[in-house]
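Residue-level listing of the chains:
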Amino acid sequence: MIRVYNTLTGKKEEFVPLMPGKVGMYTCGVTVYDKCHIGHGRSVYVFETIRRYLQYRGFDVTMVRNITDIDDKILAKAQNVAARESIEIGAAWQRVIDVNIAGYYDDLKKLGVAVADREPRATEYVDKIISFVQALIDKEFAYESNGSVYFRVRRYQERCNCYGELSGKKIDDLYAGVRKGEDPDKEDPLDFALWKAKKEGEVGWTSPWGEGRPGWHIECSVMATDILGATFDIHGGGKDLVFPHHENEIAQSRAKTGVEFARYWLHHGLITIENQKMSKSLGNFTTLSDALASMPADVLKIMYLSAHYRSPLDFSEAKLTEAKRVYERLSILVTKLDAYEPVSVTNVTLLKLRDAFVEYMDDDFNTPAGFSVMFELLTAVNTHDENDTAFFGQARQLKDEMFSIFGLECRTTTQAVGLSDVEIEAKIEDRKIAKKNKDFAKADAIRAELLEKGIVLEDKPGGVTEWRVKV
Ligand SMILES: [Zn+2]
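So, here's what we can say about the structure. Keep in mind the model is a prediction, meaning the values are calculated, not measured. (Residues numbered from 1 in each chain as written. Predicted model: local features only at pLDDT ≥ 70, side-chain atom pairs only at ≥ 80, totals over all residues. Heavy atoms only, no water.)

**Here's the deal with the overall build of the protein**
Then, number 1: What the protein contains, in helices and strands, is 16 helices and 15 strands.
Then, number 2: Seen through its C-alpha atoms, the protein measures out along the principal axes to roughly 85 × 60 × 35 Å.
Then, number 3: With 471 residues in all, the protein has 52% of them scored as buried.
Then, number 4: Put simply, 73% of the contacts in the protein that link residues at least 6 apart link residues at least 24 apart. (Helix = DSSP H or I, 4+ residues; strand = E, 2+ residues; numbered from the N terminus. Buried < 20%, exposed > 50% of the residue type's maximum accessible area, 1.4 Å probe, protein only. Contact = heavy atoms within 4.5 Å.)

This is the structure in structure tokens:
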């Protein structure tokens, strides 16, 4: 039985999907105004791990992860580009999103996170967003004002008395926190934009209310319900999205469909750097591509897995050192077990380890506890009779199951550096010949070239050169 912590109820609950055996899952993806940072990396990786675990437990998972390709930050970037390069705003916007979407997919690939079953972009959904907004206007949950459309929070609250059900915010407190009349286009200060009228120097799409663009919250409601249905199983995102983004997604979706929106809300914790908030102004902003250039993807994943997904995760030098140590230990396990073909597990010790792993992961995807099972497996492997090859084949199978859920390789060979063993051996041979010919410059160049690619050479007595992956 899988139990998940549901932000909506504030409790751990048994996970029972709407349709037996099937799971519909929507997670809020990136806003493509800049490069992804390691917080985005955590988000995509956390939900990828959850998806893979649900698949491991036999569910047929449909995963949707959106791309926000129009919003204030993207427009601000595009306006800078347009001014700098003297090009049209439309072309500048296109360039900003093209560059950052390409970067996002490149990061996903390097991190080893699969593309979701559907990766809809907001601007591909403009027609459906307009219909959704029109339906809310027809039901009087929304109104047009000066070319923009706003959602009536107060009317929604009067109907269902449930605004704030996700975030726990009280509507009176929210009123206390806003100034009345701040935005003269709104009937009420809590109302939020579903559609934003085009301003000078912006891109826009044609709508019944004039040219404009979708607000941020509406795109997720429209894409999620269009692809997964009015009610679906899991909605995920970072804790920073609970309010207002997810609260508003619920409000506008329920106002339109009249039925429950997402049934389980899963929120991951955020990342700090040496216990400080990550931000550009603090100079500790780490992009995902920089992180992946400085360490194997497996090390970064081990960092991510070291905290429960709902907890904050602090990136520190100490944590990184620890993750590298774990990587090395797991590499030992891989080297040892990959010499055997996987066979189905019957050994009692290994079955117990698998049960323990499933029990931990069933408990709200407790990856730190799940990880401890991998170390127990390592101990079992290291202490087992070397002649019992059947045991090692089964251990390989169990290792492969856990590794595939976490998307780990931990190969001492060269997946991480893009060179095969044969290529490395050939380079070592070239270097040996160069040394023999007293061409030390060439020998040094080969060593440097391999080091650049993350391969460390160690010359041993007797003219033997060993190599290992630098961590
Ligand atoms: Zn969203």
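**Some remarks on the state of the cysteines**
Then, number 1: For the structure shown, the criterion picks out one disulfide.
Then, number 2: The disulfide that involves Cys160 links it to Cys162, with 2.0 Å between the sulfurs. For the disulfide bridge between Cys160 and Cys162, the dihedral angle about the S-S bond is near -95°, and by the sign convention the bridge is left-handed.
Then, number 3: Of the residues examined, Cys160 reaches a relative accessible area of 25% and is grouped as partly exposed.
Then, number 4: Judged by relative accessible area, which is 11%, Cys162 ranks as buried.
Then, number 5: The thiol sulfur of Cys36 is not disulfide-bonded, and the nearest other cysteine sulfur, from Cys28, lies at 14 Å. (Disulfide = S-S within 2.5 Å.)

**Brief notes about the coordination of the zinc ion**
Then, number 1: Cys28 (SG), Cys220 (SG) and His245 (NE2) make up the full set of protein donors to the zinc ion, lying at 2.0 to 2.2 Å.
Then, number 2: Residue classification places Cys220 among the buried residues on the basis of a relative accessible area of 1%. (Donors = N, O, S within 2.8 Å, 3.2 Å for Na, K, Ca; no water.)

**A closer look at the sheet that holds strand E13 (residues 313-315)**
Then, number 1: What the three strands build is an open sheet, ordered E12-E11-E13; its pairing is mixed. Because the sheet does not close on itself, it has two edges, and the strands there are strand E12 (276-277) and E13.
Then, number 2: In terms of strand pairing, strand E11 (residues 271-273) meets E12 through two bridges, oriented antiparallel. Within E12, the residue paired with Thr272 across the bridge is Lys277.
Then, number 3: Across the sheet, helix H1 (residues 38-56) lies against E11 and E13, angled at about 145° from E11, the strand it touches most.
Then, number 4: Where helix H10 (residues 297-305) meets the sheet, it contacts E11 and E13, and its direction lies at approximately 140° from that of E13. (Pairing = 2+ DSSP bridges. Axes fitted to C-alpha atoms, helices over the stretch in contact; angles between N-to-C directions.)

**Comments concerning the packing of H1 against helix H14 (residues 389-406)**
Then, number 1: Between H1 and H14, the least distance of the axes is 7 Å, while the angle of their chain directions is 140°. Taken together, the axes of H1 and H14 lie oblique to each other. Contact residues: Tyr45, Thr49, Arg52, Tyr53 and Tyr56 in H1; Glu401, Ser404, Ile405 and Phe406 in H14.
Then, number 2: Considered class by class, the residues forming the contact of H1 with H14 number five nonpolar, two polar and two charged. (Parallel < 35°, antiparallel > 145°, perpendicular 65-115°, else oblique. Nonpolar A, V, L, I, M, F, W, Y, C, P; charged D, E, K, R; others polar.)

**Observations concerning a negative patch on the surface**
Then, number 1: Judged by side-chain charge, Asp421, Glu425, Glu429 and Asp430 come together as a negatively charged surface patch.
Then, number 2: Along the polypeptide, Glu429 turns up in helix H15 (residues 421-436). (Patch = residues over 30% accessible without salt bridge, like charges linked within 9 Å, V, L, I, M, F, W, Y side chains within 5 Å. Areas by Shrake-Rupley, 256 points an atom, 1.4 Å probe, with all protein chains shown as cover. Salt bridge = Lys/Arg side-chain N within 4 Å of Asp/Glu carboxyl O. Lys, Arg positive; Asp, Glu negative; His and termini not counted. Charge placed at Lys NZ, Arg CZ, Asp CG, Glu CD.)

**Some details on the pairing of strand E14 (residues 455-460)**
Then, number 1: Of the pairings in the sheet, the one linking E14 to strand E15 (residues 464-469) comprises six bridges and is antiparallel in character. Bridging from a neighbouring strand, Asp459 pairs with Thr465 of E15.
Then, number 2: Connecting E14 to the next strand, E15, in antiparallel fashion are three residues, including Gly462 with a positive phi near 85°.

**Brief notes about the pattern of salt bridges**
Then, number 1: Within this structure, the stated rule accounts for 34 salt bridges.
Then, number 2: Two residues, Arg154 and Asp188, come together in a salt bridge whose shortest N-O distance is 3.0 Å. Here Arg154, found in helix H5 (residues 153-160), pairs with Asp188, found in the loop between helix H6 (171-176) and strand E7 (192-197); they are 34 residues apart in sequence, far enough to count as distant.
Then, number 3: Its relative accessible area of 41% is what places Arg154 among the partly exposed residues.
Then, number 4: Residues Lys460 and Glu458 are paired through a salt bridge, measuring 3.5 Å at the closest nitrogen-oxygen approach.
Then, number 5: You can call Lys460 partly exposed: its relative accessible area is 35%.
Then, number 6: The exposure class of Glu458 is partly exposed, given its relative accessible area of 28%.

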